[in-house]
Amino acid sequence: MNVKPLFQTNESPTITEYLRRCGIDTPNEYLNISWVEDYGQYKQIESGVQCLEKAIEDDGCIILICDSDCDGYCATTIAYQFLINEGVDNERITIFFHDGKQHGFSKDILTQINLIINRAKVSLIWMPDAGTNDNEAHAFYECCYGIPILITDHHQLNHVGGLSENAIIINNQTSDGVTNKYLCGAGVTHKLVTAYCMKHNSNFHQTVIDLVALATIGDVMDIRNMENRTIIKWGLKHIKNPFFKAMCEEFISGEVTPTSVAWNIVPKINAVCRMGSTEMKMSLCGAFCVKGWNIDSDLSNIKKCHSKQREDVNTIYEQLLNDNSYIGDKVKIFITQSTPYTGLIATKLSEHFNCPCMVVHENDGEYTGSLRSPCEMRTKLQSSGLMTICAGHEQACGVGWLVNDTDELSSFCRQLDLSP
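So, here is what we can say about the structure in this document. Every chain is numbered on its own, with residues counted from 1 as its sequence reads. Thresholds applied to this predicted model are a pLDDT of at least 70 for local features of residues and 80 or more for the giving and counting of side-chain atom pairs; totals over whole chains, interfaces and linings are not thresholded and use all residues. Remark: hydrogens and water are excluded; side-chain values derive from all non-hydrogen atoms of the structure.

1. Remarks on the packing of helix H4 (residues 70-85) against helix H8 (residues 209-218)
Angles shown run from 0 to 180 degrees and are taken between the N-to-C directions of axes, each axis being a line fitted to C-alpha atoms and, for helices, limited to the stretch in contact. Here a strand is any run of E in DSSP of at least two residues, a helix any run of H or I of at least four, and the numbering for each starts at the N terminus. Running from N to C, H4 and H8 point in directions that differ by 160°, and their axes come no closer than 8 Å. In terms of orientation, H4 and H8 fall into the roughly antiparallel class. Every pair of crossing elements has a handedness; the one defined by H4 and H8 is left-handed. Here Cys70, Asp71, Cys74, Thr77, Ile78 and Gln81 of H4 lie close against H8, whose contacting residues are Leu211, Val212, Leu214, Ala215 and Gly218. Under the scheme applied, nonpolar residues are Ala, Val, Leu, Ile, Met, Phe, Trp, Tyr, Cys and Pro; charged residues are Asp, Glu, Lys and Arg; polar residues are all the others, including Gly. A per-class count over the contact of H4 with H8 returns seven nonpolar, three polar and one charged. Just so you know how the angles are binned, under 35 degrees is roughly parallel, over 145 roughly antiparallel, 65 to 115 roughly perpendicular, and the rest oblique. Each helix crossing is assigned a hand: it is left-handed if the near helix lies turned anticlockwise from the far helix by less than a right angle, otherwise right-handed if that turn is clockwise. Contacts are residue-level and defined by heavy atoms, with any inter-residue pair within 4.5 Å sufficient.

2. What to know about helix H9 (residues 226-237)
Working rule for helices: expected span equals 1.5 Å times residues minus one. With 12 residues, H9 extends 17 Å between its outermost C-alpha atoms, agreeing within 8% with the 16 Å of an ideal straight helix rising 1.5 Å per residue. Relative accessibility decides the category of a residue: with a 1.4 Å probe and only protein chains considered, values under 20% of the type maximum give buried, values over 50% give exposed, and everything between is partly exposed. Residues Met226, Glu227, Asn228, Thr230, Ile231, Ile232, Lys233, Gly235 and Leu236 constitute the buried set of H9. Summarising the contacts, the buried residues of H9 are in contact with helix H2 (27-31), helix H7 (185-199), H8, helix H10 (242-251) and helix H11 (258-264). In the analysis that follows, any N or O atom pair within 3.5 Å is treated as a polar contact, provided that within protein one partner can donate a hydrogen and the other can accept it, and provided that, for residues neighboring in sequence, both atoms belong to side chains. Looking at where H9 begins, the residue whose side-chain oxygen comes 2.9 Å from the main-chain nitrogen of Glu227 is Asn225.

3. Quick word on unusual backbone geometry
Of note, Asp129 is a non-glycine position whose phi angle comes to about 75°, a positive value. Mapped onto the fold, Asp129 is located in the loop between strand S3 (122-128) and helix H6 (135-145).

4. Quick word on the nonpolar core
If you look at the biggest cluster of nonpolar residues, it comprises 74 residues, and the most contacted ones within it are Trp126, Leu214 and Ile265. With nine residues, H4 is the largest single contributor of residues to this core. Residues in contact with Ile265, not counting those within four places in the same chain, are Leu214, Phe244, Met247, Cys248, Phe251, Ile252 and Ser260. Nine residue types can take part in a nonpolar core, namely buried Ala, Val, Leu, Ile, Met, Phe, Trp, Tyr and Cys, and a core is a set of them joined through side-chain atoms within 4.5 Å.

5. Details of the pairing of strand S2 (residues 93-97)
The element S2 is largely enclosed, with a buried count of four among its five residues. Pairs of strands are assigned from DSSP output, requiring at least two bridges between the strands. The pairing of strand S1 (residues 61-66) with S2 spans five bridges and is parallel. Residue pairing across strands places Ile63 opposite Thr94, the latter belonging to S2. Considered for its hand, the β-α-β crossover made up of S1, H4 and S2 is right-handed. A clockwise path from the first strand over the helix to the second, with the strands pointing away from the viewer, defines a right-handed crossover.

6. Thoughts on the sheet that holds strand S5 (residues 168-171)
Reading across the sheet, the five strands line up as S2-S1-S3-S4-S5 and stay open at both edges, with parallel pairing between neighbours. A single partner strand is all that each edge strand has here, and the edge strands are S2 and S5. Ignoring strand direction, the axes of neighbouring strands in this sheet form an average angle of 15°. Pairing of S3 with strand S4 (residues 149-153) involves four bridges; the strand directions are parallel. Within S4, the residue paired with Pro128 across the bridge is Thr152. Lying on the sheet, H4 is in contact with S1, S2 and S3; it crosses S1 at an angle near 160°.

This is the structure we're talking about:
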């Protein structure tokens, strides 16, 4: 991978000049920033507050769907602890987990929801950090069962039918008045919780800013953004979550910084999300959510999962490099066996070749997997008209297409302008 240095060898770097060359025009303001965006700029946030009020007052089950990454666990923890703080009995709250690295209303999540609605009253389905584009599921549960659907998400809207009319969707991407398009899913969830707390004279939202900071780092959000800078600055200074604090003590020697969290904590959480059993995922979520949880076994589990993950990723990565077998040139497509690590492998390949790389496996006539890229690619791929899956962020997203369309997709990618 080619690296262009910010400074020449004869230059003397300063922190302000370093920040300028990273794209921050007002470095002094950035260093001393203390600003967050007004939650009132978010579309449907008042409807979201009203939805929560009704669900809390009701006596039915509240379903939380935990997304399969660090951001998802932090967002779910914020939602769970908020509900507990508002007096909801923990027996009314059910958290569902994906069996792999899926997102949104996946097949396994739909199966779990269908099982519970056939035997119990459901007052709310709340999906933090995913669900914006799952219009069909919104319509099914809202129209057929009358269950309110609440989405607090940060992913781009890419459903051909537009924004769902059968769900309350609070999303920085779909709110024109919001300037921070780099807020994570836990951050958007926190905006809704903040709006509720301000209406009800509660300070609960101030107690979970550390989780928003962890999620911001974990989802690799742009921390040149002033709000994200504020969140990380204050969140890491006020770590209150017992499990987050225990991980810092266990895995970080020295100062807790965005870099030390990104390298030493986030990968271990994500390892459980990718390869852990349902029991391990439930226990990890419990460690985050429940005060007094015995966290020693969870610390041990995430270390084991992370160690196994590194071994497996390196094995597949080296195999793909040694085989030197891929489709395309400007955008490289690697086909491998089914693995939960397509994103991690694609990241290593993209860094090695310094170009967009997709790592996929075949499933019923379709290739599915992950894209990682040094430049924006999601929208370009989506414009091909060939993608069955193209969801996530511009430089890191899930992808899918029919096996028979592979040559056409490769030809399309060959014509793309990938200049910055």
